[in-house]
Amino acid sequence: MKIAIGQGSCGIASGSKKIEEAFRRHVAEHNLQAEVTITGCIGGCYLEPIVDVYQDDGQVVRYVHMTEDKVDKVVKQHLIGHEPVDEYRISKSGTDFLEKQTRIALKNCGLINPEDIRDYIKVGGYEALKKAIFEMDGKTICKEVERSGLRGRGGGGFPTGKKWGLVAAQKDPIKYVVCNADEGDPGAFMDRSVMEGDPHKMLEGMIIAGIAIGAKIGYIYVRAEYPLAVKRLKKAISQAEEWGFLGKNILGSKFSFEIRINLGAGAFVCGEGSALTASIEGNRGMPRVKPPRTVEQGLFGKPTVLNNVETFSHIPFIIANGAQIYRGIGTDRSPGTKAFALTGSVNKTGLVEVPMGTSLRELIFDIGGGIKNNKAFKAVQIGGPSGGCLTEKHLDLSLDFDSLSKVGAMVGSGGLVVMDEDTCMVSIAKFFMDFTEQESCGKCVPCREGTHLMNEILDDIVNGRGTKEQIDMLMELADTVTTTSLCGLGKTAALPVMSTIREFQDEYYAHVVEKRCPTGKCKGLKRIEIIANKCKGCGLCLDACPANAISGKRRQPHVIDKSSCTKCKLCIDSCKFDAIVEI
Amino acid sequence: MNNKGGNCACDCQNKDKFDLSKLDEFLDEVKDMQGSLIHILQKAQDIYGYLPREIIAYISDKTGCTQAKIYGIATFYTQFRLKPMGKNLIMLCQGTACHVSGSKDIEEAICKDLKISDGETTVDGLFTLNNVACLGCCSLAPVMMIRNKDGEETYGNLTEAKALEIINGFKMKMEQGA
Ligand SMILES: Cc1cc2nc3c(=O)[nH]c(=O)nc-3n(C[C@H](O)[C@H](O)[C@H](O)COP(=O)(O)O)c2cc1C
Ligand code: FES
């Protein structure tokens, strides 16, 4: 019997370490023949902590929302009594969430022990590498990847095989493979999940890339906010070295390859190719003018293949099964699957990997179980700060690279933040502009100054100082920043603003004309008022107000002067009669 | 480099007050490595908790990178800090998923409780608050991670009350430990 406890970051944050301890304690106490092990995140984060019991008859029983108390019962009734505890098992809706997916990158996540290479080998791991080394050469690998139609999963959707071919064709004998694991889009976590749940798959993809282009060294650039991913990657690298999949003369062949890890230091712009390589070189991560492109002069000035974690994780499947089978999944121009991080106001949050071309409706309603608390769907932000928002009318749109860019959004990293009727779209646009302003590296003027100006205007709007003209100005600035910025950060910075203005113009007008936030979310548009018939005129608020905005005679209703009120709400705290309210 | 005279205005002469052995070891390890500067700064911050001025001067001396370049890097990346940090670093997520789930309210509550704002350290040196963009646990939004000498732990599905309760737990633990 085997007990596998989900220990991705999300599982651990939900308390799975304690569950593991409890199982270990019981197994020792009762002298049970059961192995207690860990696994990565299966993607159904809303069900965590998740525990799988592998019975000796081959059946797997999955328990969800586990607690220490529940462990007691599972041990007594199931492990000892061989009778599964039905009321703790995953429900139909939970299995639906997982079974409606098609998994390639996330296939093993939550099923194998990421800290044990033997688990990966058992499910066919490193077979593709063997095939690549002994049956193929650089050229045929590049061709196969090109025929698969795989496009970069990090945002741009550039054909991966083509990129590899370009690098392979460079004359310089020194070349590099770089894995972009910076996952900067706040609201996306599929790369984290792959690294924590199935690190060897991505390593295998990188090694195959090394063969394809003739590189000897690969770098992984991981963000520092993912300590667990770093730990598991390090472990995976040293295990792969032990087993001869990495290092000198891999599997006895002439090919040698090593992988190094670089920790990011907290800068979103370092996800951009040339900034990322600058950062690995030990410099400030600032993008540079292209050309020369990374494929010609990348890391340390050498030809470099830069791909995303998920992209590399598709490679073993393609090499092992052939391009034809891969092409059978997804759409014609965007083959394969894509993992989306489904979060926000949706019932079932987590990772969803589906064929490209799946509709938003299927994702949010069929798989995600609809909107939380029976609220109405309003919009979904796709691709994070450089993406756009999609609304009701896009629900049946096919999610693939080309359809999305046609409607002014992008697949981006694959973050899908679902928003319900209570979300103010203006303040969401402001939130993203805040983010890009802060993360702009400051090298080029349109991005540095443009994002600042747009943010100032949005600040005016959410605080009731906005005018109609400012909305036009926003659009004009957006256009300038988009067309004249140096790198992708600036070029896409205005997308959230442009798409929210386009889709939710009424909401913007309500803010600037009526000085009202339709969802009531913008604090700046709220007022503090004294309800005259509740006010006893005791004067406590008058003393409490640091801005001297309250006036009134004793024992008569007081009033607040709106122009000097700073909305600090100290008066509300001071009032004994609940006579002061925020509206 | 040029401080040998000992009469410059900064306090780089004070580097004696830092134990340099661990840093020296690491500097030795990476001396042939291309692009090692960020690794060195990360290590230094690991050792000292922040990047003291004296250490920046020392690294500059050892690596030949100008202090200006090191300072440029240390201020470019949000991870580096030039001031000492509290015993517990609270990394409060302000990513998209956490934002739409109310992370601002949680920030307000924490700030009010600890009487600090983003980037600051409490007077007793117990807590530093840092807003970060996404910890990768978006499905449990709002989320925070607390890092101290024992490692790091992530807390999800926060409410204002829950966040304060967790922080209070740390306060009690520190008091008992002291
Ligand atoms: C500002 C900015 C941030 C980016 N962040 C990331 C990131 O976090 N992860 C990623 O894989 N790609 C990111 N990219 C895209 C990369 O520049 C690059 O296109 C990608 O890593 C290439 O790999 P792929 O072809 O496998 O997608 C970012 C681009 C820009 C402009
Ligand atoms: S947005 Fe907070 S953890 Fe991702």
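Participant: Quick question: what am I supposed to make of the overall build of chain B here?
Facilitator: Scanning chain B from terminus to terminus reveals seven helices and four strands. Counting helices and strands in the order they occur from the N terminus, chain B gives α-α-α-α-β-α-α-β-β-β-α. For chain B, the spread of C-alpha atoms along the three principal axes comes to 55 × 35 × 25 Å. Counting over 178 residues, chain B shows a buried share of 50%.

Participant: Looking at this structure, how should I read the packing of helix α8 (residues 160-168) of chain A against helix α10 (residues 199-213) of chain A?
Facilitator: When two helices pack together, their arrangement is given by the angle between the helix axes and the distance between those axes. Residues and elements named next belong to chain A. For the pair α8 and α10, the least separation of the axes is 9 Å and the interaxial angle reads 45°. Considered as vectors, α8 and α10 are oriented oblique to each other. Contacts between α8 and α10 pair Trp164, Val167 and Ala168 from the former with Gly205, Ala209, Ala212 and Ile213 from the latter. For the contact of α8 with α10, a count of residues per class yields six nonpolar, one polar and no charged.

Participant: Mind showing me how you'd approach the packing of aromatic side chains here?
Facilitator: Think of a pair of aromatic rings as described by two things: how far the centres are apart, and how the planes are tilted against each other in angle. Residues and elements named next belong to chain A. For the structure shown, the criterion picks out 14 aromatic pairs over all chains. Feature note: the residues Tyr120, Tyr126 and Phe245 constitute an aromatic cluster, connected by ring pairs. Cation over ring: lysine 2 sits above tyrosine 54, and NZ or CZ is 4.7 Å from the ring centre. Seen from the ring of tyrosine 226, arginine 223 lies directly overhead, with NZ or CZ sitting 5.1 Å from the centre.

Participant: Would you mind going over the sheet that holds strand β5 (residues 176-181) of chain A with me for this structure?
Facilitator: Strand pairing in a sheet relies on backbone hydrogen bonds, with the paired strands running either antiparallel or parallel. All names here are of chain A. What the four strands build is an open sheet, ordered β7-β6-β5-β8; its pairing is parallel. This sheet does not close on itself; its edge strands, each paired only once, are β7 (258-263) and β8 (304-308). Here the average twist between neighbouring strands, direction ignored, is 20°. Lying on the sheet, α10 is in contact with β5, β6 (217-222), β7 and β8; it crosses β5 at an angle near 150°.

Participant: Teacher, can you tell me more about the pairing of strand β1 (residues 2-6) of chain A here?
Facilitator: For a regular strand, side chains alternate in direction, first toward one face of the sheet and then toward the other. Residues and elements named next belong to chain A. By the criterion of burial, β1 is predominantly enclosed, with four of the five residues buried. In the sheet, β1 pairs with strand β3 (residues 51-54) via four bridges, with the strands oriented antiparallel. In the sheet register, alanine 4 faces β3, and the bridge partner there is aspartate 52. In this sheet, strand β2 (residues 35-39) lies alongside β1 in parallel orientation, the contact comprising five bridges. Bridge pairing links isoleucine 5 to isoleucine 38 in β2.

Participant: It is not clear to me how unusual backbone geometry should be interpreted in this structure. Could you clarify?
Facilitator: Leaving glycine aside, a negative phi is the common case for residues, and trans is the common case for peptide bonds. All names here are of chain A. Across the junction of lysine 290 and proline 291, the peptide omega takes the value 0°, indicating a cis bond. Summarising the element assignment, proline 291 is placed in the loop between α12 (273-280) and β8. The amide bond that connects proline 291 to the next residue, proline 292, takes the cis arrangement and shows omega of 0°. Look at asparagine 31: it is not a glycine, yet its phi comes out positive at around 55°. Turning to its location among the elements, asparagine 31 is positioned in the loop between α2 (16-29) and β2. Look at asparagine 31 and you get exposed, because its relative accessible area is 65%.

Participant: Can you walk me through the pattern of salt bridges in this structure?
Facilitator: Note that side chains of opposite charge can pair when their charged atoms are close. All names here are of chain A. Applying the stated criterion across every chain, the model contains 44 salt bridges over all chains. Its salt-bridge partner being arginine 89, residue aspartate 86 comes within 3.4 Å of it at the nearest N-O pair. Classification of aspartate 86 by relative accessible area gives exposed; the value is 54%. On the accessibility criterion, arginine 89 (33% relative accessible area) is partly exposed. For aspartate 459, the salt bridge goes to arginine 465, with nearest N and O atoms at 3.2 Å. Since its relative accessible area comes to 29%, aspartate 459 is described here as partly exposed.

Participant: Would you mind showing me how to read the side chain of A:Thr337 here?
Facilitator: Residues and elements named next belong to chain A. Assignment of secondary structure puts threonine 337 in strand β9 (residues 337-344). Within the local environment of threonine 337, its side chain forms a polar contact with the side chain of glutamate 353, the two groups lying 2.6 Å apart. What threonine 337 contacts, discounting residues up to four positions off in sequence, is Thr102, Ile104, Arg153, Glu310, His314, Tyr326, Ile329, Glu353, Val354, Pro355 and Met356.

Participant: Hey, could you run me through the sheet that holds strand β12 (residues 388-391) of chain A in this one?
Facilitator: Residue and element names in this part refer to chain A. Pairing is mixed across the open sheet formed by five strands, whose spatial order is β10-β9-β13-β11-β12. The strands lining the two open edges of the sheet, one partner per strand, are β10 (350-355) and β12. The average undirected angle you get between the axes of adjacent strands in this sheet is 30°. In this sheet, strand β13 (residues 415-420) lies alongside β9 in parallel orientation, the contact comprising four bridges. Within the sheet, the bridge partner assigned to threonine 343 lies in β13 and is valine 417. Running at roughly 110° to β9, helix α9 (residues 190-197) makes contact with β9, β10 and β13 of the sheet. Lying on the sheet, helix α21 (residues 495-503) is in contact with β11 (377-382) and β12; it crosses β12 at an angle near 25°.

Participant: Sorry if this is basic, but what is going on with the environment of A:Cys571 here?
Facilitator: Residues and elements named next belong to chain A. Its place among the elements puts cysteine 571 in helix α24 (residues 570-574). A relative accessible area of 9% means that cysteine 571 is categorised as buried. Placed 30 residues apart in sequence, cysteine 571 and cysteine 541 show a C-alpha to C-alpha distance of 4.7 Å. Ignoring sequence-local partners within four residues, the contact set of cysteine 571 consists of Ile528, Cys541, Ile550 and Ile580.

Participant: Hey, could you run me through the domain arrangement of chain B in this one?
Facilitator: Reports often express the size of an interface as the amount of accessible area lost when the parts come together. Domain parsing of chain B yields domain 1 (15-76) and domain 2 (88-175). On a C-alpha basis, the centres of domain 1 of chain B and domain 2 of chain B stand 29 Å from each other.

Scoring rules and cut-offs
Residues numbered from 1 in each chain as written. Chains lettered and ligands numbered in written order. Predicted model: local features only at pLDDT ≥ 70, side-chain atom pairs only at ≥ 80, totals over all residues. Heavy atoms only, no water. Helix = DSSP H or I, 4+ residues; strand = E, 2+ residues; numbered from the N terminus. Buried < 20%, exposed > 50% of the residue type's maximum accessible area, 1.4 Å probe, protein only. Axes fitted to C-alpha atoms, helices over the stretch in contact; angles between N-to-C directions. Parallel < 35°, antiparallel > 145°, perpendicular 65-115°, else oblique. Contact = heavy atoms within 4.5 Å. Nonpolar A, V, L, I, M, F, W, Y, C, P; charged D, E, K, R; others polar. Phe/Tyr/Trp six-rings, centres within 6.5 Å; stacked < 30°, edge-to-face > 60°. Lys NZ or Arg CZ within 6 Å of the ring centre and 35° of its normal. Pairing = 2+ DSSP bridges. Salt bridge = Lys/Arg side-chain N within 4 Å of Asp/Glu carboxyl O. Polar contact = N/O pair within 3.5 Å; in protein donor to acceptor, adjacent residues only side chain to side chain. Domains from an automatic or database assignment.

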